[in-house]
Each structure stands twice: as structure tokens, then as C-alpha cells.
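One letter stands for each residue in the lines below.
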Amino acid sequence: MSDLDCQARSRRNFLLSAIIMPVGLTGCTTISYTEKRKPSLIADLQVEDDAFRELEARYAAFEDDGHLVPAVPFRNMKRQHYRQRVVDPTGEQPGTVVVDTAGRFLYLVESGGTAMRYGVGIGREGFAWQGEGVIHWRQHWPRWKPPAEMIARNPSLERFSVANGGMEPGVSNPLGARALYIFQNGQDTLYRLHGTPEWNSIGKATSSGCVRLVNQDVIDLYNRVPYHARIVVLQEVHALQPQLPA
């Protein structure tokens, strides 16, 4: 083979290599893109998994002052009723508690334009009062002492009257793990924020009680609410506009 033939063959081989190489590189690029997508999908799943674990821990069973508080089956609740931080829809000062009776939410206003929102159930007494007051008294594992009006409607509750010392604290106590007592102008309004083991009553109108939260949430509220916090109770439908999470 002549030198000219060898040079021509070498030139053809070089050109062929130049054509083939981009195909190979394109293949590598495709693989690399696929590999880059995998961590994103895994990260998305990780976020969902972390959120689930956080909810599981938030509503898990626990012991508190000798009382075993059962877990809340949060997967059976509506997501809107989970304790969560949202954009504040109230316009109230930080530290104010706002009860949206019609919406079945309680807000604890925070600084920075947010509020901690809790799903609540509203009992008969919860519809009986509205306005502004002060959380004058707070009780850790309270005794339940039904008022005379309630005993008049249900005489079997006499054994839990004030005179008889009330019902012993405990998970079955209607006030649950914590109770916050609302006063107005120095007088007890008989309006209460309290715990309950009846998770399925959250978001509903109930036959008794005032404003009930699951025990895990009422403990969280109890720990956050400032001393002598102002409270506003709204009964009007659509008094507050729903807000997206912060």
C-alpha cells in the first residue's frame, strides 16, 4: 500500500471516530441525566417519609404525670385538623388565642405573621358564649366539676359536683390532660379550652363540653400560651378566611 493510501485510510478512520464519539457521549449524557433524576425522586419520598414520622411522633402515645395518653390515629383525621403553622388570618396581636367556632379551628397568634392552628370540636357550651376574655386560670390534669345548670339537666352528674369534689383527673375525665379557663371582667364565663381522648369529635359539633382538642394538642397549646393571654371567640360563619400554610 502506498503512502498516499495509508494517509487516506488514517484520515477516514479519524473522521469515523469523530462521528462515533458524539453518539457515545450522548449515551453517557442520557445515563448521567437519569442518575441525576434518581436522587430527586428519593428526596421527594424522603420528605414525605419524614413528614409521616413527624406526625406519628406528634400524635404518639405517651405517659404524662402518671397518666397514659393513648395515640391519636391521625391517618383517620382530616389533614386540616392536624396541628400546623399557618399564615395568621386573624390580624390579632401575638399571644392572642382566637377560636373560630364555625370553622372548628383555634389559633394561637405568633409574631412574624403566622399562627399555630389546632383543629377543635365544639360542644353545647362552646356555642353559648362569644366575645373577648382572658385565660385567667390553667390546670394540669384538672378535676371536672360540672356546673349546676348541667347537673340540673343530668342529675346523675351530682356525684361530680363542686360539693363532692369533682371527677378525679385522668384520661376519661371530660377535661382531658389540660384545661384553660376563660374569664371576662373578673368573672368565670364557664367557657373552657380542654383536652379529650375522643379524636373523632375534632371538627364536629358535640353534645357536651366547650372547645375540645386532642390531648396531644391541648398540651402543646398549654405550653405555648402566655400567662393571662387574651382570647377572642368568634361565632359567625366565615368570620375568618382560610389561609395557606406558612
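As the structure is a computational prediction, the values presented were derived from the model and not from experiment.

Visitor: Any chance you could explain the overall build of the protein chain here in plain terms?
Guide: A count of helices and strands for the protein chain gives three helices and 12 strands. Residue burial in the protein chain is summarised as follows: out of 246 residues, 41% are buried. Partitioning the intrachain contacts of the protein chain with sequence separation of at least 6 by distance along the chain shows that 65% fall at a separation of at least 24. Of the accessible surface of the protein chain, which amounts to about 14300 Å², a share of 56% is contributed by carbon and sulfur atoms.

Visitor: I tried to follow the pattern of salt bridges on my own but got confused; where do I start?
Guide: Any two side chains of opposite charge can pair if their charged atoms end up close together. Here the structure, examined in full by the defined rule, presents 12 salt bridges. Put simply, E110 and R85 hold a salt bridge, and the shortest N to O gap is 2.8 Å. With E110 in the loop between β5 (105-109) and β6 (114-119) and R85 in strand β3 (residues 84-87), this pair connects stretches of sequence that are 25 residues apart. Note on E110: relative accessible area 18%, which makes it buried.

Visitor: How do you make sense of the nonpolar core when you look at a structure like this?
Guide: The tendency in soluble globular proteins is for nonpolar side chains to be buried side by side. In terms of nonpolar packing, the biggest core is built from 26 residues, with L106, I135 and L193 touching the most fellow members. Counting only elements with at least two residues in this core, the list comes to β4 (97-100), β5, β6, β9 (178-184), β10 (187-196), β11 (211-214), α3 (215-224) and β12 (230-234). Broken down by element, the residue count for this core peaks at three residues, all from α3. Once you skip the residues sitting within four places of it in the chain, L193 turns out to touch V97, V99, L106, I135, R178, A179, L180, I182, V211, L221 and I231. Core analysis: the second largest hydrophobic core is formed by 10 residues, M150, F160, L175 and Y181 among them.

Visitor: Even after reading the chapter, I still don't get the sheet that holds β9, so can you show me in this structure?
Guide: Strand-to-strand pairing in sheets goes through backbone hydrogen bonds, with the strands running parallel or antiparallel. Taken in spatial order, the 10 strands make up an open sheet running β3-β6-β5-β4-β12-β8-β9-β10-β11-β7, and their pairing is mixed. In this open sheet, the two edge strands, each paired with only one partner strand, are β3 and β7 (121-122). Lying over the sheet, α3 contacts β3, β5, β6, β8 (131-140), β9, β10 and β11, oriented at roughly 105 degrees with respect to β11.

Visitor: Even after reading the chapter, I still don't get the environment of V211, so can you show me in this structure?
Guide: Its place among the elements puts V211 in strand β11. C-alpha separation for the pair V211 and G123, spaced 88 residues apart in sequence, amounts to 6.4 Å. Setting aside residues no more than four positions away along its own chain, V211 makes contact with V99, L106, V120, G121, I122, Y191, R192, L193 and H194.

Visitor: How should unusual backbone geometry be read in this particular structure?
Guide: Peptide bonds are trans in most cases, and residues, glycine excluded, mostly fall at negative phi. The phi dihedral of D65 falls on the positive side, at around 55 degrees, and the residue is not glycine. Checked against the element boundaries, D65 lands in the loop between β1 (62-64) and β2 (67-69). The exposure class of D65 is exposed, given its relative accessible area of 56%. Here the phi dihedral of R104 falls at roughly 65 degrees; this positive angle occurs in a residue that is not glycine. Its place among the elements puts R104 in the loop between β4 and β5.

Criteria and thresholds
Residues numbered from 1 in each chain as written. Predicted model: local features only at pLDDT ≥ 70, side-chain atom pairs only at ≥ 80, totals over all residues. Heavy atoms only, no water. Helix = DSSP H or I, 4+ residues; strand = E, 2+ residues; numbered from the N terminus. Buried < 20%, exposed > 50% of the residue type's maximum accessible area, 1.4 Å probe, protein only. Contact = heavy atoms within 4.5 Å. Areas by Shrake-Rupley, 256 points an atom, 1.4 Å probe, with all protein chains shown as cover. Salt bridge = Lys/Arg side-chain N within 4 Å of Asp/Glu carboxyl O. Core = buried A, V, L, I, M, F, W, Y, C linked by side-chain atoms within 4.5 Å. Pairing = 2+ DSSP bridges. Axes fitted to C-alpha atoms, helices over the stretch in contact; angles between N-to-C directions.

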